[in-house]
Amino acid sequence: RRSRAERQQVNAASDSIIMIPPTSIPKALSKNLLACNIYVSAGHPSLSSHLLSLLLQSQKQCLSLLPHNRVAIVHAFTDVTYRRSSFHVAGDAEGVTTVSSRLASDAMTSLVGVGVDPLLPDENNNDVVTRNTRHPFVGIVDHVSVMPLERDGNDESEETTTAHGLAARAIGEVLSQRGCHVHYYGRACEDNTPLATVRRDKTSFFKSGGLETERGTSSPYDYGAATVGAPDSFVENFNVRLRGSDRRTAASLARALRYRDGGVVGVEALTLPYGGGGRYEVACNLLCPETGGGMDEVLSRLEAWKTGDGGSREDAIVEKAYRVGTTRKQCMDVLKLSRDGGGEVREEYDAGVLRRFEYGFVSDE
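No experiment lies behind these values; they were computed from the predicted model shown. (Residues numbered from 1 in each chain as written. Predicted model: local features only at pLDDT ≥ 70, side-chain atom pairs only at ≥ 80, totals over all residues. Heavy atoms only, no water.)

### Some thoughts on the pairing of strand S2 (residues 71-79)
The side chains of a regular strand alternate, residue by residue, between the two faces of the sheet.
Alright, step 1. Counted residue by residue, S2 has eight buried out of nine residues, so it is predominantly covered.
Alright, step 2. Across eight bridges, S2 lies against strand S3 (residues 84-92) in antiparallel orientation. Following the sheet pairing, Ala72 is matched in S3 by Ala90. (Buried < 20%, exposed > 50% of the residue type's maximum accessible area, 1.4 Å probe, protein only. Helix = DSSP H or I, 4+ residues; strand = E, 2+ residues; numbered from the N terminus. Pairing = 2+ DSSP bridges.)

Encoded structure:
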């Protein structure tokens, strides 16, 4: 792996090429509305100033692109226990590609630049609990997901003609230029491989963080790896946190929710430890949130699980059931606000996103 000085030389040399050329998104697709979620393997309070700076800079970049591009940071979220943060961008394809590629690239370089190595989690402070309960990861920028916001049938087209597939490839190319090893999925790869398959077959994701069974080794790449892709439709994230529980009980809830085990349509579910002391989370990807596999259906199945087998599950207390990230409607509403509300309304919204993100570093709520 390169030394920090060598990384800085590479970053300086790359500054002139990280901006996406306009030809990356054909003009016919450049105004298609997209969402992009960027997941970063960092969330410790000691990094709050760097992560807040990333958000603020990205918000300013969004405003600078108006009115040519309509793009906004809809939401930002951090989970201190998981050591993970996410940034949720929405807008036209050209604007989303420009903002997201810069945000993801800056996240990698700025965090390494302050001596952070998420590939060797919390070694310096011997935080054993966090090492064993942090969110699974494969790199500093762990995952980038680009999704269509408009239901116009594009998901039936070839990958090379979809705006979200092209945007994902363009963002991945920027990360590759910076020294990240990128694995593509969905409409960003030739065979439309699902994210879960790529994570299982090509990365150590399911053997990292809270799923790690033995101490891993550092990546030969400067910033680790990243999965970058484009699912066919908008994906929501929803977690259920249990306390006073054990892994077996949490796993039974995951099976009750998981679609391939007979659960809610389109739901992928993963059991993760959360901070020790009998706390676990079932982390869900909702692949069909608007067609029978949304939050309401998950909550209904959760209630059925709690009273399953004719009795009450007293060994598991639901501490929190909550959405992580955004919905398609939320993204569209923010873009409408940007179009109709004027600069002051948009700046007020951005200030709220920044304030809530900052609060996440001091609150477990």
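### Considering the confidence of the model for the chain
Alright, step 1. Averaged over all residues, the pLDDT of the chain is 84; the fraction at 70 or higher stands at 79%.
Alright, step 2. Under a pLDDT of 50 for its full length, residues 1-18 has, in the predicted model, 31 contacts with residues more than four places off or in other chains.
Alright, step 3. Across residues 121-129 the pLDDT falls below 50, and counting only partners more than four positions away or on other chains, this stretch makes 13 contacts in the model. (pLDDT = per-residue confidence, 0-100. Contact = heavy atoms within 4.5 Å.)

### Re the packing of aromatic side chains
Alright, step 1. Following the criterion strictly, the structure yields four aromatic pairs and no others.
Alright, step 2. Here Tyr82 and Tyr274 contribute two aromatic rings whose centre-to-centre distance is 4.9 Å and whose plane-to-plane angle is 90°, an arrangement assigned as edge-to-face. With a gap of 192 residues between them, Tyr82 in the loop between S2 and S3 and Tyr274 in the loop between strand S8 (267-273) and strand S9 (280-286) connect regions that are remote in the sequence. Pair check on accessibility: Tyr82 and Tyr274 agree, each one buried.
Alright, step 3. Summarising the aromatic geometry, the rings of Phe357 and Phe361 are spaced 5.3 Å apart at their centres and angled 70° between planes, so their arrangement reads as edge-to-face.
Alright, step 4. Phe357 gets classed as buried once you look at its relative accessible area, which sits at 1%. (Phe/Tyr/Trp six-rings, centres within 6.5 Å; stacked < 30°, edge-to-face > 60°.)

### Thoughts on the side chain of Ser58
Alright, step 1. For Ser58, the location among the structural elements is in helix H2 (residues 48-65).
Alright, step 2. Relative accessible area serves as the criterion here: at 5%, Ser58 is assigned to the buried category.

### Some points on the environment of Gly43
Alright, step 1. By secondary structure assignment, the location of Gly43 is in the loop between strand S1 (33-40) and H2.
Alright, step 2. Dropping the residues within four chain positions of it, Gly43 is found in contact with Leu51, Thr78, Val80, Arg83, Arg84, Ser85 and Phe361.

### Concerning the sheet that holds strand S6 (residues 225-230)
Alright, step 1. Spatially, six strands are ordered S2-S3-S1-S4-S6-S5 in an open sheet, and the strand pairing comes out mixed. The sheet is open, and its two edges are formed by S2 and strand S5 (181-186), each paired on a single side. Neighbouring strand axes in the sheet, compared pairwise and without regard to direction, differ in orientation by 15° on average.
Alright, step 2. Bridging between strand S4 (residues 141-148) and S6 involves three bridges; their strand directions are parallel. Note on S6: the bridge partner recorded for Ser145 is Gly229.
Alright, step 3. Running over the sheet, H2 touches S2 and S3 and is turned about 170° from S2. (Axes fitted to C-alpha atoms, helices over the stretch in contact; angles between N-to-C directions.)

### Comments concerning the packing of helix H7 (residues 247-257) against helix H8 (residues 295-306)
Axes are the key here: two packed helices are described by the angle between their axes and the distance separating the axes.
Alright, step 1. At a closest axis distance of 10 Å, the pairing of H7 and H8 adopts a crossing angle of 130°. Taken together, the axis directions place H7 and H8 in an arrangement best described as oblique. Pair H7 / H8 crosses with right-handed handedness. From H7, Thr249, Ser252, Leu253, Ala256 and Leu257 reach across to H8, where they touch Val298, Arg301, Leu302 and Trp305.
Alright, step 2. Taken together, the residues of the contact of H7 with H8 sort by class into six nonpolar, two polar and one charged. (Parallel < 35°, antiparallel > 145°, perpendicular 65-115°, else oblique. Left-handed = near helix turned anticlockwise from the far one by under 90°. Nonpolar A, V, L, I, M, F, W, Y, C, P; charged D, E, K, R; others polar.)

### Here's the deal with the environment of Pro67
Alright, step 1. Within the element layout of this structure, Pro67 appears in the loop between H2 and S2.
Alright, step 2. When its relative accessible area of 79% is taken as the criterion, Pro67 is described as exposed.
Alright, step 3. With 271 residues separating them along the chain, Pro67 and Ser338 place their C-alpha atoms 9.6 Å apart.

### Concerning helix H9 (residues 328-340)
Alright, step 1. Taking 1.5 Å as the rise per residue, H9 with 13 residues should run 18 Å; its terminal C-alpha atoms sit 18 Å apart, in good agreement.
Alright, step 2. Buried within H9 are the following residues: Arg328, Cys331, Val334, Leu335 and Ser338. End-on, the buried residues of H9 take up no more than an arc of 135°, which puts them together on one face. (Expected span 1.5 Å × (residues − 1). Arc of directions from axis to C-beta.)

### Some details on the nonpolar core
Alright, step 1. Phe87, Val144 and Leu175 are the most contacted members of the largest nonpolar core, which totals 63 residues.
Alright, step 2. Excluding residues within four positions of it along the chain, Val144 makes contact with Cys36, Asn37, Ile38, Ile171, Leu175, Tyr185, Thr227, Val228 and Gly229.
Alright, step 3. Listed in part, the 17 residues of the second largest apolar core include Leu253, Val264, Tyr280 and Cys284. (Core = buried A, V, L, I, M, F, W, Y, C linked by side-chain atoms within 4.5 Å.)

### Some remarks on the sheet that holds S9
Alright, step 1. Across the sheet, four strands lie side by side as S8-S9-S7-S10; this open sheet has antiparallel pairing. Of all the strands in the sheet, the pair left with one neighbour each is S8 and strand S10 (317-324). Each strand of the sheet is rotated relative to its neighbour by a mean of 20°, with strand direction disregarded.
Alright, step 2. Two strands pair when backbone bridges link them, and strand S7 (residues 236-243) and S9 are joined in this way by seven bridges, in the antiparallel orientation. Considered in S9, the bridge of Glu236 is made with Leu286.

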